[in-house]
Amino acid sequence: MPYVYDGRTLIDYAFKGGFAMPAFNVGTLEMARACVEAAELERAPIILQTSPGELTQASPAVLAGMIRALAEEVAVPVMLHLDHGEGPERVAACLRAGYSSVMYDGDHLKPEENIATTRRLAEWAHGSGVSLEAAAGSFGAGEGRGEGLHLTDPEIALRLLDDGGADMVACSVGSVHGQASRLDLDRLGAIARRTRKPLVLHGGTGIPAEDLAVATTLGVVKVNIGAGLQRAVLKAWRERSEAEGVYEVSDAARAALVEVACGKIRIMKAAGRA
Ligand code: 13P
């Protein structure tokens, strides 16, 4: 199985099944391998994704080749997604590289402009046989734009799905990139009732388990996890002695990553769904 060429199949499966998949931000072999190992251990479908930050480490073609090869060695479905695609050029590069899904993040634009560009890029994505995530809100820290949260208006979320043709929409309901947060579950519920389509949360590292448990009952199918993985790698590297070789330290980092990833898979009820 295992590499999922069309992200829509997995998104639809999670939406109907009432669970969410962690979307792990990975930019190195160590990180990607650990998340795939965790998915295998938990028998879970997962998403690996690259934001512009991860794409400083290698091109979309290199990362896609590596992730596809890792996926082909396991029995669980692995999908590859572009996180926070800034515009047509980045989206096109990832479509050419064989990603299963792309995000167009046009939340900094006026809603009409965001919807129009989303529609154009959704046509490209669907023409390539993959899914598109739209952005109806922003998630503060770490997005590099120096702004705070822009919370999601349920009407805009609906329009990005209906008029923009998106397959899922990222909703800002309190979670923040890289920080502890609580979800505004009333707002998430209002968005879920209005859209009745797959929803995405960013800033997943700091969302408490009890909020995620409710979110999975409200149509959330994808929760982005970035900072938690980076912290696990940095801690492992800092704690190891200088006398150790690079591969021993890398193995220790991978073990720490597997533990983090397994925890997130279980919280989102993705374990056993492969
Ligand atoms: P965290 O770094 O808070 O887990 O968020 C990741 C994310 O949302 C990437 O888009």
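Keep in mind it's a predicted model, so treat the numbers as computed, not measured.

Undergrad: Would you mind going over the site of the ligand in detail, with residue names and values included?
TA: Around the ligand sit 14 residues in total, of which Asp-83, Gly-178, Gly-203, Thr-205 and Ala-227 are the nearest. Gly-203 is positioned such that a nitrogen or oxygen atom in its backbone is 2.7 Å from an oxygen atom of the ligand. Gly-226 is positioned with one of its backbone polar atoms (N or O) 2.8 Å from an oxygen atom of the ligand. The protein chains hide 93% of the 310 Å² of surface that the ligand would expose on its own. For the shell around the ligand, the secondary-structure elements that each account for two or more residues are β3 (78-85) and β10 (220-225).

Undergrad: Tell me about the packing of helix α2 (residues 29-42) against helix α3 (residues 60-72), residues and numbers included.
TA: Each packed pair of helices is defined by two parameters, the angle between the axes and the distance between the axes. One can describe the packing of α2 onto α3 by two numbers: an axis separation of 10 Å at closest approach and a directional angle of 30°. On the basis of their axis angle, the class for α2 and α3 is roughly parallel. When you trace α2 past α3, the crossing you get is right-handed. Mapping the contact onto sequence places Leu-29, Ala-32, Arg-33 and Val-36 in α2 and Met-66, Ile-67 and Leu-70 in α3. For the contact of α2 with α3, the per-class residue count stands at 6 nonpolar, no polar and 1 charged.

Undergrad: So what's going on with unusual backbone geometry? Residues and values would help.
TA: The phi dihedral of His-84 falls on the positive side, at around 50°, and the residue is not glycine. For His-84, the position within the fold is in strand β3. A positive phi angle is found at Arg-196, which is not glycine, with a value near 50°. Here Arg-196 lies in the loop between α7 (185-195) and β9 (199-201).

Undergrad: Tell me about the environment of Arg-119, and name the residues and values.
TA: Among the secondary structure elements, Arg-119 is positioned in helix α5 (residues 111-127). On a C-alpha basis, the gap between Arg-119 and Leu-132 in space is 9.7 Å, while along the polypeptide they are 13 residues apart. Once residues lying within four places of it in the same chain are set aside, the contact partners of Arg-119 are Asp-163 and Gly-164.

Undergrad: Give a detailed account of helix α4 (residues 88-97), specifying residues and quantitative values.
TA: Residues of α4 that are buried: Val-91, Ala-92, Cys-94, Leu-95 and Ala-97. Tucked inside the fold, the buried residues of α4 contact α3, β3, β4 (101-104) and α5. A positive backbone phi angle near 90° is found at Gly-98, which sits one or two residues after α4.

Undergrad: Quick one: what's the story with the packing of aromatic side chains, residue by residue and with numbers?
TA: Scanning the model with the defined rule gives 2 aromatic pairs in all. Look at Tyr-3 and Tyr-5: their rings are 4.9 Å apart centre to centre, the planes differ by 85°, and that puts the pair in the edge-to-face class. The class for Tyr-5 is partly exposed, based on a relative accessible area of 49%. Seen from their ring centres, Tyr-13 and Phe-19 are 5.6 Å apart, and the 80° between their planes marks the pair as edge-to-face. Judged by its relative accessible area of 39%, Tyr-13 falls in the partly exposed class.

Calculation criteria
- Residues numbered from 1 in each chain as written.
- Predicted model: local features only at pLDDT ≥ 70, side-chain atom pairs only at ≥ 80, totals over all residues.
- Heavy atoms only, no water.
- Near = heavy atom within 4 Å.
- Polar contact = N/O pair within 3.5 Å; in protein donor to acceptor, adjacent residues only side chain to side chain.
- Areas by Shrake-Rupley, 256 points an atom, 1.4 Å probe, with all protein chains shown as cover.
- Helix = DSSP H or I, 4+ residues; strand = E, 2+ residues; numbered from the N terminus.
- Axes fitted to C-alpha atoms, helices over the stretch in contact; angles between N-to-C directions.
- Parallel < 35°, antiparallel > 145°, perpendicular 65-115°, else oblique.
- Left-handed = near helix turned anticlockwise from the far one by under 90°.
- Contact = heavy atoms within 4.5 Å.
- Nonpolar A, V, L, I, M, F, W, Y, C, P; charged D, E, K, R; others polar.
- Buried < 20%, exposed > 50% of the residue type's maximum accessible area, 1.4 Å probe, protein only.
- Phe/Tyr/Trp six-rings, centres within 6.5 Å; stacked < 30°, edge-to-face > 60°.

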